[in-house]
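Here is how the chains run, residue by residue.
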Amino acid sequence: MSQDVANQLWNALQANEGIAPIRSQFGENDLEAAYETQRAFNQLRLDNGKELVGRKAGFTNQTAQGMMGVDVPVHGLLFDVMDVPHRGEIPGTEIT
């Protein structure tokens, strides 16, 4: 299932189209399935020439966690297409 969801995300990204929220495709608070989807999506990025440049953490405080319905911080990878130099401008185009 996680690979299917990752493929949906990848296809939407390539087409520059939105999709319905994917949360409903996972069980309630199934963090492992979410991270498995993230791993599969990240592998698609790597397989398509994106370069890993760092890591990120999110929802690091209880307020943010509560807004997103999680009770722990989350983590992920940063790729070259996400990198903005210090004091750089974020382009108005979509990041792929």
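The structure displayed is predicted, hence computed values, not measured ones. (Residues numbered from 1 in each chain as written. Predicted model: local features only at pLDDT ≥ 70, side-chain atom pairs only at ≥ 80, totals over all residues. Heavy atoms only, no water.)

1. What about the packing of helix H1 (residues 2–15) against helix H2 (residues 31–47)?
At a minimum axis distance of 8 Å, the contact between H1 and H2 shows a crossing angle of 50°. Taken together, the axes of H1 and H2 are oblique relative to one another. The interaxial crossing formed by H1 with H2 has right-handed handedness. Residues Ser2, Gln3, Val5, Ala6, Asn7, Leu9, Trp10 and Leu13 of H1 form the contact with H2, whose own contacting residues are Ala33, Glu36, Thr37, Ala40, Phe41, Leu44 and Arg45. (Axes fitted to C-alpha atoms, helices over the stretch in contact; angles between N-to-C directions. Helix = DSSP H or I, 4+ residues; strand = E, 2+ residues; numbered from the N terminus. Parallel < 35°, antiparallel > 145°, perpendicular 65-115°, else oblique. Left-handed = near helix turned anticlockwise from the far one by under 90°. Contact = heavy atoms within 4.5 Å.)

2. A short note on the layout of surface pockets
Estimates place the volume of the largest pocket at around 1,000 Å³. What lines the largest pocket is a set of 31 residues, among which Ile22, Leu31, Ala34, Phe59 and Val74 lie closest to the centre. When contributions to the lining of the largest pocket are tallied by element, the ones reaching two or more residues are H1, H2, strand E1 (52–58) and strand E2 (74–79). By residue number, the principal contributor to the lining of the largest pocket is H2, which donates eight residues. The residue makeup of the lining of the largest pocket, split by class, is 16 nonpolar, nine polar and six charged. (1 Å grid on protein atoms, 1.4 Å probe; cavity = no way out; pocket = protein on both sides within 12 Å on 5 of 7 lines; lining within 4 Å. Points joined across faces, edges and corners; volume = space filled by probe spheres on them. Nonpolar A, V, L, I, M, F, W, Y, C, P; charged D, E, K, R; others polar.)

3. Quick notes on the nonpolar core
Within the largest apolar cluster, six residues are counted, these being Ala6, Trp10, Leu13, Ala40, Phe41 and Leu44. Contributing elements (two or more residues each) for this core: H1 and H2. Excluding anything up to four places from it in sequence, Phe41 contacts Ala6, Leu9, Trp10 and Leu13. (Core = buried A, V, L, I, M, F, W, Y, C linked by side-chain atoms within 4.5 Å. Buried < 20%, exposed > 50% of the residue type's maximum accessible area, 1.4 Å probe, protein only.)

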